[in-house]
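Next come the chains, spelled out residue by residue.
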Amino acid sequence: MSANSGRALVAMCRSLAQRHRWTVSTSGADWVVRIEDRAGHRVGIYGYSFDLNPAAVALICDDKVATAQLLAAAGVAAVPHELVIAPEFGRWVGQSSVGRRTDELTGQFGWPLVVKPNDGTGGADVYRAADRGAAEVALSSILTRHRGAALGPWREVTAEHRVLVVDGSTPLIYRKDRPSVTGDGASAVIELVSAAVVAGGIGPDTVRDWMDTHDPSLLRRVPADGELVHLGLRHNLGAGSIPTLVDDGPLVDELSRLALLAAAELGAVFCSVDVVDSEAGREVLEVNSGVMLERLATESPAWWHRAEAVYESALLLALDP
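Residues numbered from 1 in each chain as written. Predicted model: local features only at pLDDT ≥ 70, side-chain atom pairs only at ≥ 80, totals over all residues. Heavy atoms only, no water.

Draft legend 1. Region of interest: the sheet that holds strand S5 (residues 82-85). On the basis of which strands lie adjacent, the open sheet formed by 4 strands has the order S5-S8-S6-S7 and antiparallel pairing. The open sheet has two free edges, formed respectively by S5 and strand S7 (127-129), since each of these has just one partner strand. Here the average twist between neighbouring strands, direction ignored, is 30°. Sheet topology places strand S6 (residues 113-117) next to S7; 3 bridges connect them, and they run antiparallel. Within S7, the position partnered with Val115 by the bridge is Tyr127. (Pairing = 2+ DSSP bridges. Helix = DSSP H or I, 4+ residues; strand = E, 2+ residues; numbered from the N terminus. Axes fitted to C-alpha atoms, helices over the stretch in contact; angles between N-to-C directions.)

So this is what it looks like as C-alpha cells:
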C-alpha cells in the first residue's frame, strides 16, 4: 500500500472516477494524482493543489503577505500581513535587519502581534507575541526553517469561517469552532482545562497545542461565571476545532460575497477562503490554493459527502461527466 493511499482525497478521487467512468493514476506515493475522462481531458493534483488554478495564482495565494496586500489594494477587507524576511535575503527587499523591520511593524501595529510563516499551512508555527522578546523567539524559530515570516496585528477573533470557492460559486461554508471551557467565577483557567481533560471533553493534544501558542500567565486567570474561554490561537480542525455547517440566512450571502471578491481579485478558480470576525469587522484572513478537506471529511459520513461534492464540482470544471 502506498504511503498516502489513506488520504481522503485519494479515496474520493477513486470513488468519483468509478462513478463517472474516469481513469485515475497516481505516483509519488499517491501524492500526485491524475484523472482523465473518456475524451482525454485531464486534471492533475499535487498534494491538495489542483491544476485548475494558474501557477502564479497558486503561488500568490500561498504567500500570505502578497495575498493581504493585493486584497487591500483592491479594497477587499483583509487582515494586514507584513513581511519579515530571513537576514540572507534582506537586501533584496530593502530590509536592513530583522530587528529594525520588527520595530517598524510594532510601531505600525502595536502589541500583541501575530507571527507566522509567510508560506505556512495548517496553522503550524503561529505565535502570539505580547512583547519584543516573544517576537524575537518566534521569528528565530520561523526564520530557521522558512524564508520569510508574516507579521500582523492581533485580532480577538470571535468566529472563523471557511468558504470553499469553485469557479465563482461557494458550494460549502462552515464555521470552525475552537475547543473551549466555561468559567465558573472561582476556578482558574488551568483548573477548568484540567477538569475538562479528566471529563473527556478536551483531548491532551489540544491542551499541548494551546500551551505552545498562548501566554502562560493566562493559565492563572479566573474567568467570570459563564465566560467562554477558547483554547489556542488556531481554528484549524487539526488543532481540535469542530466544523459547524453554515447554509442559510444573510450570513451565507455576506461570507460568499467577501470570499468571491477575494478569489476573483487573485484569479483563483478553486480555493478556500478563511474569513474572520473580530473587533476590526469581517475580514479575509487567507486564501488557500490547496484545498485540503481531510479533517473535515473524517468528522462524519455527512461531512465526507459534502467534501466529496466539493471535489467533484471542481473536477467537473475540466472533465466530462
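Draft legend 2. A look at the side chain of Asp37. Positionally, Asp37 belongs in the loop between strand S2 (32-36) and strand S3 (42-46). Notably, Asp37 is buried but unbridged: the nearest opposite-charge side chain belongs to Arg38, and the N-O separation is 7.2 Å. A polar atom in the side chain of Asp37 sits 3.0 Å from the backbone nitrogen of Ala39. For Asp37, the side chain forms a polar contact with the main-chain nitrogen of His41, separated by 2.8 Å. (Buried < 20%, exposed > 50% of the residue type's maximum accessible area, 1.4 Å probe, protein only. Lys, Arg positive; Asp, Glu negative; His and termini not counted. Salt bridge = Lys/Arg side-chain N within 4 Å of Asp/Glu carboxyl O. Polar contact = N/O pair within 3.5 Å; in protein donor to acceptor, adjacent residues only side chain to side chain.)

Draft legend 3. Representation of the sheet that holds S2 in the model. Across the sheet, which stays open at both edges, the 4 strands sit in the order S1-S2-S3-S4 with antiparallel pairing between neighbours. If you trace the sheet from one side to the other, it starts and ends with strand S1 (23-27) and strand S4 (49-50), each paired once. With 5 bridges joining them, S2 and S3 adopt antiparallel strand pairing. Note that in S3 the partner of Val33 across the bridge is Ile45. Sheet strands in contact with helix H1 (residues 8-20) are S1, S2, S3 and S4, and its direction is about 155° off that of S1. (Contact = heavy atoms within 4.5 Å.)

Draft legend 4. Molecular detail of the layout of surface pockets. Empty space within the second largest pocket amounts to approximately 270 Å³. Residue lining of the second largest pocket: Leu59, Asp62, Asp63, Leu83, Ile85, Phe89, Val93, Asn118, Asp119, Arg147 and Gly148, and that is the complete set. Residues of the lining of the second largest pocket, tallied by class, amount to 5 nonpolar, 2 polar and 4 charged. (1 Å grid on protein atoms, 1.4 Å probe; cavity = no way out; pocket = protein on both sides within 12 Å on 5 of 7 lines; lining within 4 Å. Points joined across faces, edges and corners; volume = space filled by probe spheres on them. Nonpolar A, V, L, I, M, F, W, Y, C, P; charged D, E, K, R; others polar.)

Draft legend 5. Broad picture of the packing of helix H3 (residues 64-73) against helix H8 (residues 250-266). At a closest axis distance of 10 Å, the pairing of H3 and H8 adopts a crossing angle of 105°. Compared by their axis directions, H3 and H8 come out roughly perpendicular. For the pair H3 and H8, the contacting residues are Thr67, Leu70 and Leu71 in the first and Ala262, Glu265 and Leu266 in the second. Here the residues of the contact of H3 with H8 are counted per class, giving 4 nonpolar, 1 polar and 1 charged. (Parallel < 35°, antiparallel > 145°, perpendicular 65-115°, else oblique.)

Draft legend 6. The arrangement of the pattern of salt bridges in detail. Following the criterion strictly, the structure yields 16 salt bridges and no others. A salt bridge links Lys64 to Glu286; the shortest N-O distance between them is 4.0 Å. With Lys64 in helix H3 and Glu286 in strand S15 (residues 281-288), this residue pair connects regions lying 222 residues apart in the sequence. In this structure, Lys64 and Glu286 share a single accessibility class: buried. A salt bridge links Glu283 to Arg155; the shortest N-O distance between them is 3.0 Å. Here the residue Glu283 occupies a position in strand S15, and Arg155 occupies one in the loop between strand S8 (148-153) and strand S9 (159-166), the gap between them amounting to 128 residues. Arg155 matches Glu283 in its accessibility class, with the two residues each being buried.

The quantities given are spatial measurements derived from coordinates; they are silent on function.
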